[in-house]
Amino acid sequence: MTTHKIPVIPGDGIGAEIIEEGRKVIDAVSEVDGFEVEWIEYPHGADHYLKTGELIGEDTLKELKKYKAIYLGALGDDRVEPGILELGILLRLRFYMDQYVNLRPVKLYEGVETPLKNKTSKDINFTVVRENTEDFYVGLGAKVDKGKSHTKLDLIRETYNVKFGIDVETDADEVAFQLGVLTRRGIKRIVKYAFDYAVDHNRTKVTSVDKANVITHMYGMWRKIFSEVAQEYTRIDTDFTFVDATNMWFVKNPEWYQVAVTPNLFGDVISDLGAMIQGGLGFAAGGNINPEGTSMFEPIHGSAPKYKGMNRANPIATILSGGLLLEDIGLRNSADKLEQAVIEVLKEGKVKTYDIGGKAGTSDMGDAIATKVKGL
Ligand code: IPM
Ligand code: MN
């Protein structure tokens, strides 16, 4: 029997509860499909940070890099200043592992209500492919005071470096600036991934979501490279929508989208909207993928500290993220089985969590899906 070793970081808030259900369902799938999972638990998150001062160290990162996929609950805690855990653990992991794809399926399942009038599961079924390592997420910027200043900003990555030296001379009181960075290689690989994903998942169209009309340098280059890559995929249609209009179309005509590929920040913004039209954050799964390295799977929602320990959160986003994980480690049939179990439990509508008007607990939903897996 093959054993898959999977590091798991439950994290903060509801993280532990939802991850437990995700593990439960994957364990059920492994039983049925005849493979084994060995879970290797890591304590990183708020408690660990407050106790030890460690966010996530180089040694841990090196160790984690040996595995194919990591399963993550959620990060963020009221006791820690906003951003510390998110940047220090989540983004650190994404960048360290060069997880350049943030895959976010937006799928309305039967039995789940969308706030969009007259739209059904046939209309809402697309995937956001968000670039996950560059753009305005590189963390380069500064706030300078009146007068003259010189700021050195270095983007140091394993595969490339970009060093900026910025001279500012200003008579304004305070000036803040933040650099977005895109590289040809960075754009090319994410756009290629989106097209390959389309081919692989029987999709016929890839849409670029950008803002090339205003942020001309960065997203002009994005569009140019998108068009170059598109030429290699003659069977896939292409489209361009500006990010502001995309918000409108997600609400008005979500059926126009199949695969939407977009830079990091826009991807962050539109995927929360995507989550809402698919019935809420409780259904929005995500994967941070490095196709050649270590990927990491997590729901796109946060740690919801206020529901911690209440057995109340909907674990489906985490469970579906577990399905993406299975697909990533080469178990596509098992991934399909997991999703099928979710589909059937939702369609039956007997077990419903609070977010969709029911009274079932986090663990009830996990139990129902795990039982369904075994009965498929
Ligand atoms: C997400 C989150 C993160 C992001 C935060 C927590 C750093 O919003 O996964 O979408 O901005 O990418
Ligand atoms: Mn987000």
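Per chain, the residues get numbers from 1 upward, laid out in the order the sequence is written. As they are written, the chains are lettered A onward and the ligands numbered 1 onward, keeping that order. Local features in this predicted model are restricted to residues of pLDDT 70 or higher, and side-chain atom pairs are both shown and tallied only at a pLDDT of 80 or more, whereas totals for entire chains, interfaces and linings draw on every residue. Water and hydrogen atoms were dropped before computing side-chain values, which therefore reflect all heavy atoms in the structure.

1. Some words on the sheet that holds strand 2 (residues 36-41)
Phase 1: When DSSP finds two or more bridges between a pair of strands, those strands are recorded as paired. Strands are runs of DSSP state E lasting at least two residues, helices are runs of H or I lasting at least four, and both sets are numbered from the N terminus onward. Pairing in this open sheet of ten strands is mixed, and the strands run 2-1-3-12-11-4-5-10-8-9 from one edge to the other. The outermost strands of the open sheet, each flanked by one partner alone, are strand 2 and strand 9 (237-242). Averaged over all neighbouring strand pairs, the angle between strand axes comes to 25°, with direction disregarded.
Phase 2: Strand direction decides the pairing type here: strand 8 (residues 205-210) and strand 9, joined by six bridges, are parallel. Residue pairing in the sheet places Val209 in a bridge with Thr241 of strand 9.
Phase 3: Any two residues whose heavy atoms approach within 4.5 Å are treated as being in contact. All axes here are fitted lines through C-alpha atoms, helices being fitted over the stretch that makes contact, and every angle between N-to-C directions spans 0 to 180 degrees. Against the sheet, helix 5 (residues 184-200) touches strand 4 (101-107), strand 5 (125-131), strand 8, strand 9, strand 10 (259-262) and strand 11 (287-289), its axis set at about 160° to strand 5.

2. Overview of the site of ligand 1
Phase 1: In these notes, residues near a molecule or strand are those with any non-hydrogen atom within 4 Å of it. Surrounding ligand 1, one finds Glu86, Leu90, Arg94, Arg104, Arg130, Tyr137 and Asp268.
Phase 2: Here an oxygen atom of ligand 1 sits 2.5 Å away from a polar atom, N or O, in the side chain of Tyr137.
Phase 3: Within the side chain of Asp268, one N or O atom sits 2.8 Å away from an oxygen atom of ligand 1.
Phase 4: Coverage of ligand 1 by the protein amounts to 76% of the 320 Å² it exposes when considered alone.
Phase 5: If you tally residues by element for the shell around ligand 1, the top one is helix 4 (residues 84-96), at three residues.
Phase 6: For the shell around ligand 1, the class distribution of residues is two nonpolar, no polar and five charged. As used in this structure description, the phrase polar contact means that two N or O atoms lie within 3.5 Å; if the pair is within protein, one of them must be able to donate a hydrogen and the other to accept it, and residues adjacent in sequence are counted only when both atoms belong to side chains. What sets the accessible areas is the Shrake-Rupley method with a 1.4 Å probe; for residues, cover comes only from the shown protein chains. For this classification, the nonpolar set comprises Ala, Val, Leu, Ile, Met, Phe, Trp, Tyr, Cys and Pro, the charged set comprises Asp, Glu, Lys and Arg, and every other residue, Gly included, is treated as polar.

3. A word on the packing of helix 5 against helix 6 (residues 216-230)
Phase 1: Close contact between helix 5 and helix 6 brings their axes to 9 Å; oriented N to C, the two are set at 45°. In terms of orientation, helix 5 and helix 6 fall into the oblique class. Considering only the axes of helix 5 and helix 6, their crossing is right-handed. On helix 6, the residues touching Arg184, Ile187, Lys188, Ile190, Val191, Lys192 and Phe195 of helix 5 are Met221, Trp222, Lys224, Ile225, Phe226, Glu228, Val229 and Ala230.
Phase 2: Here the contact of helix 5 with helix 6 is built from residues that sort into ten nonpolar, no polar and five charged. The labels follow the angle: roughly parallel below 35 degrees, roughly antiparallel above 145, roughly perpendicular from 65 to 115, and oblique for the rest. Each crossing gets its hand from how the near helix is turned against the far one by less than a right angle, where anticlockwise is left-handed and clockwise is right-handed.

4. Observations regarding the environment of Arg189
Phase 1: Considering the arrangement of structural elements, one finds Arg189 in helix 5.
Phase 2: According to the relative accessible area criterion, Arg189 is buried, its value standing at 13%.
Phase 3: Residues Arg189 and Ile225 lie 36 residues apart in sequence; the distance between their C-alpha atoms is 9.9 Å.
Phase 4: Arg189 has contacts with Asp98, Tyr100 and Thr133, leaving out every residue within four places of it along the chain. Residue exposure (1.4 Å probe, protein chains only): buried if accessible area is under 20% of the type maximum, exposed if over 50%, otherwise partly exposed.

5. Remarks on the packing of helix 9 (residues 316-328) against helix 10 (residues 332-348)
Phase 1: Where helix 9 contacts helix 10, the two axes come as close as 7 Å, and the packing angle between them is 160°. What the angle tells us is that helix 9 and helix 10 run roughly antiparallel. Of the two elements, helix 9 crosses helix 10, and the hand of that crossing is left-handed. In contact with Ile316, Ile319, Leu320, Gly322, Gly323, Leu326 and Glu327 of helix 9, helix 10 contributes Arg332, Ser334, Ala335, Leu338, Glu339, Val342 and Leu346.

6. Points about the domain arrangement of the chain
Phase 1: Reported domain spans reflect what an automatic or database domain assignment gives. We note that the domain assignment places domain 1 (1-100 + 292-376), domain 2 (114-134 + 182-278) and domain 3 (136-180) within the chain.
Phase 2: Computed from C-alpha atoms alone, the centre-to-centre distance between domain 1 and domain 3 is 36 Å.

7. A look at helix 4
Phase 1: Turning to helix 4, its buried residues are Leu85, Gly88, Ile89, Leu90, Leu91, Leu93, Arg94 and Tyr96.
Phase 2: One or two residues past the end of helix 4 sits Asp98, with phi positive at roughly 50°.

8. Things to note about helix 7 (residues 243-252)
Because each turn of an α-helix spans 3.6 residues, side chains separated by three or four positions in sequence point in the same direction.
Phase 1: Those residues of helix 7 that sit buried are Val243, Thr246 and Phe250. Down the axis of helix 7, the smallest arc covering the buried residues is 40°, so these residues share one side.
Phase 2: Structurally, helix 7 contributes buried residues whose contacts are with strand 5, strand 8, strand 9 and helix 8 (264-277). This arc is built from the directions going out from the helix axis to the C-beta atoms.

9. What to know about the pairing of strand 10
Phase 1: Side-chain alternation along strand 10 places Val259 and Val261 on one buried face and Ala260 and Thr262 on a second face that is also buried.
Phase 2: Pairing analysis gives four bridges linking strand 5 to strand 10, with the strands arranged parallel. Among the inter-strand pairings, Arg130 is bridged to a residue of strand 10, identified as Thr262.

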